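Given next are the chains, with one letter for each unit.
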Amino acid sequence: MSHITPEMQALIGVAGEVQTAPTPLGPDTLRRFTQAVMESDPVHWDPIEAERRGFGVPVATPLQPMHLFARPAGTPDTFERFQDKPGWDGMGGTVSKGLPSLNLPFKRLLNGGYACEFFQLAKLGDLVSRQSRYVELSERESSSGPMIVFKTETLYTNQHGEKLLRIVHTELAR
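Quick summary incoming for the structure in this document.

About the thresholds
Residues numbered from 1 in each chain as written. Predicted model: local features only at pLDDT ≥ 70, side-chain atom pairs only at ≥ 80, totals over all residues. Heavy atoms only, no water. Helix = DSSP H or I, 4+ residues; strand = E, 2+ residues; numbered from the N terminus. Buried < 20%, exposed > 50% of the residue type's maximum accessible area, 1.4 Å probe, protein only. Contact = heavy atoms within 4.5 Å. Polar contact = N/O pair within 3.5 Å; in protein donor to acceptor, adjacent residues only side chain to side chain. Pairing = 2+ DSSP bridges. Phe/Tyr/Trp six-rings, centres within 6.5 Å; stacked < 30°, edge-to-face > 60°. Lys NZ or Arg CZ within 6 Å of the ring centre and 35° of its normal. Arc of directions from axis to C-beta.

1. Concerning the overall build of the chain
(1) Moving on: Across its full length, the chain holds four helices and five strands.
(2) Moving on: Order of helices (α) and strands (β) in the chain, N terminus to C terminus: α-β-α-α-α-β-β-β-β.
(3) Moving on: Principal-axis analysis of the C-alpha atoms gives the chain an extent of 60 × 35 × 30 Å.
(4) Moving on: Out of the 174 residues belonging to the chain, those deemed buried represent 33%.
(5) Moving on: For the chain, the proportion of contacts with a sequence separation of at least 24, taken over those separated by at least 6, is 68%.

Structural data, given as structure tokens:
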């Protein structure tokens, strides 16, 4: 018996809504992220070095675009769910990719990893958008029982529609 329904299968390839970061990449956001990931290359904060290296303005580290989608002010904190469900595993709902739910029949989600393709670095002042789609859905038998493996592709672009980053995220539901 398959746990993958025709409704789930129909979502493969369908693009989700385009989401745009709440603010353009600003100098403070760039500085704080660069410090958090311990990046020492001055091209990320020094306008003279960025100009000398052909970027024109300071640029983000390669993965920073995926961290620009903060929860909007005034919206509920997803982790407040722990108050009602202390056993919640923290998965499902912490980051919306703008896709409809697969309505998975299993309770646990595991991170299966990321594959990244880089096109160009986001620049100071860029307004980043993203759009996701499910690209793969399969079923496997594991030592702990059946599981569903699904992959989500997310493409990040700047305000000019230029590609910055493409990420394929693999998740396992069991």
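2. Things to note about the side chain of Glu153
(1) Moving on: By secondary structure assignment, the location of Glu153 is in strand β4 (residues 145-157).
(2) Moving on: Relative accessible area serves as the criterion here: at 13%, Glu153 is assigned to the buried category.
(3) Moving on: Polar contacts involving the side chain of Glu153 include one to the side chain of Arg166, which spans 3.0 Å.
(4) Moving on: For Glu153, the residues in contact, after removing those within four places along its chain, are Gln131, Ser132, Arg133, Val135, Arg166, Ile167 and Val168.

3. Considerations on unusual backbone geometry
(1) Moving on: A positive phi angle, near 55°, is found at Met38, a position not held by glycine.
(2) Moving on: When you line up the elements, Met38 lands in the loop between α2 (27-36) and α3 (47-52).
(3) Moving on: Classification of Met38 as exposed rests on a relative accessible area of 75%.
(4) Moving on: Despite not being glycine, Asn103 has its phi angle at roughly 50°, a positive value.

4. So, the sheet that holds strand β2 (residues 109-118)
(1) Moving on: With antiparallel pairing, five strands are arranged side by side in an open sheet as β1-β3-β4-β5-β2. Among the strands making up the open sheet, the edge pair consists of β1 (19-20) and β2.
(2) Moving on: As judged from the ten bridges shared by β4 and strand β5 (residues 163-173), these two strands associate in the antiparallel manner. Counted as the bridge partner of Glu153 is Val168 from β5.

5. Considerations on the packing of aromatic side chains
(1) Moving on: The tally for this structure, following the rule as stated, stands at two aromatic pairs.
(2) Moving on: Taking 6.2 Å as the distance between ring centres and 70° as the angle between the ring planes, the aromatic pair formed by Tyr134 and Phe150 counts as edge-to-face. Residue Tyr134 is located in strand β3 (residues 129-142), and its partner Phe150 is located in strand β4; the two are separated by 16 residues in the primary sequence.
(3) Moving on: Given the relative accessible area of 6%, Phe150 is considered buried.
(4) Moving on: Here Arg130 stacks its cationic end above the ring of Phe69, 4.0 Å away from the centre of that ring.
(5) Moving on: Sitting over the face of the ring of Phe119, Lys163 holds its NZ or CZ atom 5.2 Å from the ring centroid.

6. Some details on α2
(1) Moving on: Those residues of α2 not exposed but buried are Leu30, Phe33 and Thr34. Buried residues of α2, seen end-on, are gathered within an arc of 100° and therefore sit on one face of the element. When the buried face of α2 is taken as reference, the exposed residues oriented beyond 90 degrees from it are Arg32, Gln35 and Ala36.
(2) Moving on: Immediately beyond the C-terminal end of α2, within one or two residues, lies Met38, with a positive phi of roughly 55°.

7. Details of the environment of Thr34
(1) Moving on: Topologically, Thr34 is positioned in helix α2.
(2) Moving on: The spacing of Thr34 and Leu164 is 130 residues in sequence and 17 Å in space, taken between C-alpha atoms.
(3) Moving on: Look past the residues within four positions of Thr34 in its chain and what remains in contact with it is Glu39, His44, Trp45 and Thr61.

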